[in-house]
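Overview (structure and organization)
Read off the chains here:
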Amino acid sequence: MSDNIQTVTVLSKTTWTPNLFSFTVSRPDSFKFTAGQFVRLGVNPSQLKYYQQTDASDETADTALNEDVFRAYSIVSSPFDEVIEFFSIVIPDGAFTSQLQHLQVGDELLLNTMPFGFLTLARYQKPLPKDLWLLATGTGLAPFLSMLQDLKTWEDYEHIVLAYSARSLDELAYVEKIESLQEDFGTLVDNPAKLIFIPIVTREPVDGALSERLPKLLLEGTLQARAGIALDIDTTHVMLCGNPDMVEDTKEALKTLGLVMNRRGEGNIAVENYW
């Protein structure tokens, strides 16, 4: 086993919907990461309690894959938390998530302690921080929750707009946590950013939520109007994470509106393509 691979223990699990869940694992003492980064997480399905507790006569137990399967996962928790939290979708035929849905407290996973990714606020050198737009669908919310639990984010910006899109209300996870962030973190710094949370639900009507896809909301100016803030090439940082189609279409919409990709530290738009 690589020196970077450490065993971690599942400490808790939260089921949001049949296809969405979160879980926390123990954090190795040496593990460090920057808010917005992701790690490679591994599971050996045959070692999960779910299969070990299955009746020996049940073919399910015998067909459990007996090898380590790794996938990339953004981290939900703050870089300063004592545990590591992840947010996962269940892909029915996925070798990884179809197994991970069976997680139980006490199960062991493998963590590659080398963090990856450049969806971090440190990438922005110019323009200087003023307005931060975090645009997410589904589990793409994870890196943004990590950033919003880092006090430096609240110190550096004047406004933070978190637009979070899901298909249905029950898939809009972490809402209570989001609504408590201003008090839990903003109150710990002088002159904190103002957090503007904009929920979006695209497949059912929900009071207080917008209903169109992010690219359309941006091109029509609906999202900016709800936030009360304009997109400006000289003041705006925008980060995108989630469904690949959303990321691509929203990136193009932002470019149509005059914003530019962040390259070598300069520019407005940053995306992560590990999906």
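This text gives an overview of the structure that appears in the document.

Definitions and limits used
- Residues numbered from 1 in each chain as written.
- Predicted model: local features only at pLDDT ≥ 70, side-chain atom pairs only at ≥ 80, totals over all residues.
- Heavy atoms only, no water.
- Helix = DSSP H or I, 4+ residues; strand = E, 2+ residues; numbered from the N terminus.
- Rg over C-alpha atoms; globule rule 2.2 N^0.38 Å.
- Buried < 20%, exposed > 50% of the residue type's maximum accessible area, 1.4 Å probe, protein only.
- Contact = heavy atoms within 4.5 Å.
- Areas by Shrake-Rupley, 256 points an atom, 1.4 Å probe, with all protein chains shown as cover.
- Lys, Arg positive; Asp, Glu negative; His and termini not counted.
- Charge placed at Lys NZ, Arg CZ, Asp CG, Glu CD.
- Salt bridge = Lys/Arg side-chain N within 4 Å of Asp/Glu carboxyl O.
- Expected span 1.5 Å × (residues − 1).
- Polar contact = N/O pair within 3.5 Å; in protein donor to acceptor, adjacent residues only side chain to side chain.
- Phe/Tyr/Trp six-rings, centres within 6.5 Å; stacked < 30°, edge-to-face > 60°.
- Core = buried A, V, L, I, M, F, W, Y, C linked by side-chain atoms within 4.5 Å.
- Pairing = 2+ DSSP bridges.
- Axes fitted to C-alpha atoms, helices over the stretch in contact; angles between N-to-C directions.

1. What to know about the overall build of the protein
If you tally the helices and strands in the protein, you get 9 helices and 11 strands. Relative to its length of 275 residues, the protein is compact, with a C-alpha radius of gyration of 19 Å against a globular reference of 19 Å. Projected onto its principal axes, the C-alpha coordinates of the protein cover approximately 65 × 40 × 35 Å. Per-residue burial over the protein gives 53% buried out of 275 residues. When contacts within the protein are restricted to residue pairs at least 6 apart in sequence, those whose partners lie at least 24 apart make up 74%. Accessible surface, the protein as shown: approximately 13200 Å² in total, 47% of it carbon and sulfur. Taking the average place of the 21 positive charges on the side chains of the protein and the average place of its 38 negative ones, the gap between the two points comes to 7 Å.

2. Digging into the pattern of salt bridges
In this structure the tally under the stated criterion is 6 salt bridges. Note that Glu-171 is salt-bridged to Arg-167, the shortest N-O span being 2.7 Å. Overall, the relative accessible area of 16% leaves Glu-171 in the buried class. Note that Lys-251 and Glu-248 form a salt bridge whose closest N and O atoms lie 3.2 Å from each other. Note that Lys-251 and Glu-248 are positioned in helix α9 (residues 244–256) at a spacing of 3 residues, about one turn of the helix.

3. What to know about the side chain of Gln-224
Within the element layout of this structure, Gln-224 appears in helix α8 (residues 222–227). Other than its neighbours up to four places away in sequence, Gln-224 contacts Trp-133, Leu-217, Leu-218, Ile-229, Leu-231 and Leu-257.

4. A short note on α9
Compared with an ideal rise of 1.5 Å per residue, which puts 13 residues at 18 Å, α9 spans 18 Å between its outermost C-alpha atoms and is within 8% of the ideal. For α9, the elements touching its buried residues are β7 (131–137), α7 (214–219), β10 (236–241) and β11 (269–271). At the N-terminal end of α9, a side-chain oxygen is found 2.7 Å from the backbone nitrogen of Asp-245, two or three residues along, and the residue is Asn-243. Looking one or two residues beyond α9, the residue adopting positive phi is Gly-258, at roughly 105°.

5. Brief notes about the packing of aromatic side chains
One pass over the structure, following the stated rule, counts 9 aromatic pairs. Ring centres of Tyr-73 and Phe-86 lie 5.9 Å apart, and the angle between their planes is 90°; on these two criteria the pair is classed as edge-to-face. Of this pair, Tyr-73 sits in strand β4 (residues 69–74) while Phe-86 sits in strand β5 (residues 83–89); the two residues are 13 residues apart in sequence, bridging distant segments of the chain. Tyr-73 gets classed as buried once you look at its relative accessible area, which sits at 7%. We classify Phe-86 as buried; its relative accessible area is 0%.

6. Regarding the nonpolar core
Here is a general trend for soluble globular proteins: nonpolar side chains tend to be buried in one another's company. Leu-134, Phe-144 and Met-239 are the most contacted members of the largest nonpolar core, which has 37 residues in total. Where this core is concerned, the elements lending two or more residues are β7, α4 (142–147), β8 (159–166), α6 (175–184), β9 (194–201) and β10. Apart from the residues lying within four places of it in its own chain, the contact partners of Met-239 are Leu-119, Thr-120, Leu-121, Arg-123, Tyr-124, Trp-133, Leu-134, Leu-135, Phe-144, Met-147 and Ala-270. Core analysis: the second largest hydrophobic core is formed by 24 residues, Leu-218, Ile-229, Met-261 and Val-271 among them.

7. With respect to the pairing of strand β1 (residues 5–17)
Examined bridge by bridge, β1 and strand β6 (residues 108–116) share 5 bridges and lie antiparallel to one another. For Val-8, the partnering residue across the bridge sits in β6 and is Leu-109. Taking the residues that link successive antiparallel strands as the turn, the β1-strand β2 (residues 20–26) hairpin has 2 residues.

8. Some remarks on the sheet that holds strand β3 (residues 38–43)
Ordered by their spatial adjacency, 6 strands build an open sheet running β4-β3-β6-β1-β2-β5, and the pairing between neighbours is antiparallel. Looking along the sheet, the strands with just one partner apiece sit at the ends: β4 and β5. Going from strand to strand, the sheet's axes swing by 40° on average, the running direction of each strand aside. Here β2 runs beside β5; their pairing, made up of 7 bridges, is antiparallel. Opposite Phe-21, over in β5, you have Ser-88 as the bridge partner.

9. Considerations on unusual backbone geometry
Following Lys-126, the chain continues into Pro-127 via a peptide bond in cis, with omega recorded as 5°. Although it is not a glycine, Asn-191 adopts a positive phi angle of roughly 50°. The residue Asn-191 is located in the loop between α6 and β9 in this model. A relative accessible area of 69% places Asn-191 in the exposed class.

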